[in-house]
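# Observations on chain architecture
Here is what each chain is made of, one letter per residue.
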Amino acid sequence: MSGEDTSALIDSRIAALGDWRGEKLAAMRALIREADPDVVETVKWRKPSNPGGVPVWEHAGIICIGEVYKGYVKLTFANGAALDDPQGVFNASLEGGTRRAIDIREGEQVDPAAFRALVRAAVDHNLSKPPRK
């Protein structure tokens, strides 16, 4: 599937939500793209119970995953535990040894500059790892 096709799938998923969750996911997607113009959008984990799959943003590995639940939008950073978060943007999955997440509920805002900094840190972390063979 080409990048355009994948982006169209994510566009459709966002549009199908038709509420604040779609708007929030679209806004966070825009911040990810601003932070890393070389980001690659993918859709993973498509199955009969979730035919639209899960939007994933990658650059030399997974940066973050965008999931939508009834009451919140969750952005899970694959290697979030390894990232500095001086602004305290991460607010979920804080006990895990690898991942960290941001849960955003209706009306809540995430500091755009702090979020972009986390995305850039995630890319830098991915690029610092030796390439897989």
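Here the structure is a predicted model, which means the values were calculated and not measured.

### Quick notes on the pairing of strand β5 (residues 100-105)
Burial within β5 is extensive, with five of its six residues counted as buried. Across six bridges, the pairing between strand β4 (residues 72-77) and β5 is antiparallel. Bridge assignment links Tyr72 to a residue of β5, and that residue is Arg105.

### Digging into the nonpolar core
Ranked by internal contacts, the top residues of the largest apolar core, which has 30 residues, are Ile63, Phe77, Ile102 and Phe115. Elements that contribute at least two residues to this core include exactly α1 (3-17), α2 (20-35), β3 (62-68), β4, β5 and α3 (112-128).

### What to know about unusual backbone geometry
Of note in the backbone geometry, Ala60 takes a positive phi value of approximately 60 degrees without being a glycine. Of note, Ala60 is situated in the loop between β2 (54-58) and β3. On the basis of relative accessibility, which here comes to 46%, the residue Ala60 falls in the partly exposed class. Positive phi, close to 55 degrees, is recorded for Ser93, a residue that is not glycine.

### A word on α3
Here α3 is 17 residues long and its end C-alpha atoms lie 24 Å apart, about the 24 Å a rise of 1.5 Å per residue gives. Those residues of α3 lying buried are Ala114, Phe115, Leu118, Val119, Ala122, Val123 and Asn126. Turning to α3, the residues buried within the fold contact α2, β3, β4 and β5.

### Side note on empty space enclosed by the protein
All told, the structure shown has one cavity of 30 Å³ or more when counted by the stated rule. In this structure, the largest cavity occupies an estimated 30 Å³ of space. Forming the walls of the largest cavity are Ile62, Ile63, Phe77, Ala78, Asn79, Gly80, Leu83, Ala122, His125 and Asn126. Within the residue set of the lining of the largest cavity, elements represented by two or more residues are β3 and α3. Take the lining of the largest cavity: its biggest share by element is three residues, from α3. Its residues assigned to classes, the lining of the largest cavity comprises six nonpolar, four polar and no charged.

What counts, and at which threshold
Residues numbered from 1 in each chain as written. Predicted model: local features only at pLDDT ≥ 70, side-chain atom pairs only at ≥ 80, totals over all residues. Heavy atoms only, no water. Buried < 20%, exposed > 50% of the residue type's maximum accessible area, 1.4 Å probe, protein only. Helix = DSSP H or I, 4+ residues; strand = E, 2+ residues; numbered from the N terminus. Pairing = 2+ DSSP bridges. Core = buried A, V, L, I, M, F, W, Y, C linked by side-chain atoms within 4.5 Å. Expected span 1.5 Å × (residues − 1). Contact = heavy atoms within 4.5 Å. 1 Å grid on protein atoms, 1.4 Å probe; cavity = no way out; pocket = protein on both sides within 12 Å on 5 of 7 lines; lining within 4 Å. Points joined across faces, edges and corners; volume = space filled by probe spheres on them. Nonpolar A, V, L, I, M, F, W, Y, C, P; charged D, E, K, R; others polar.

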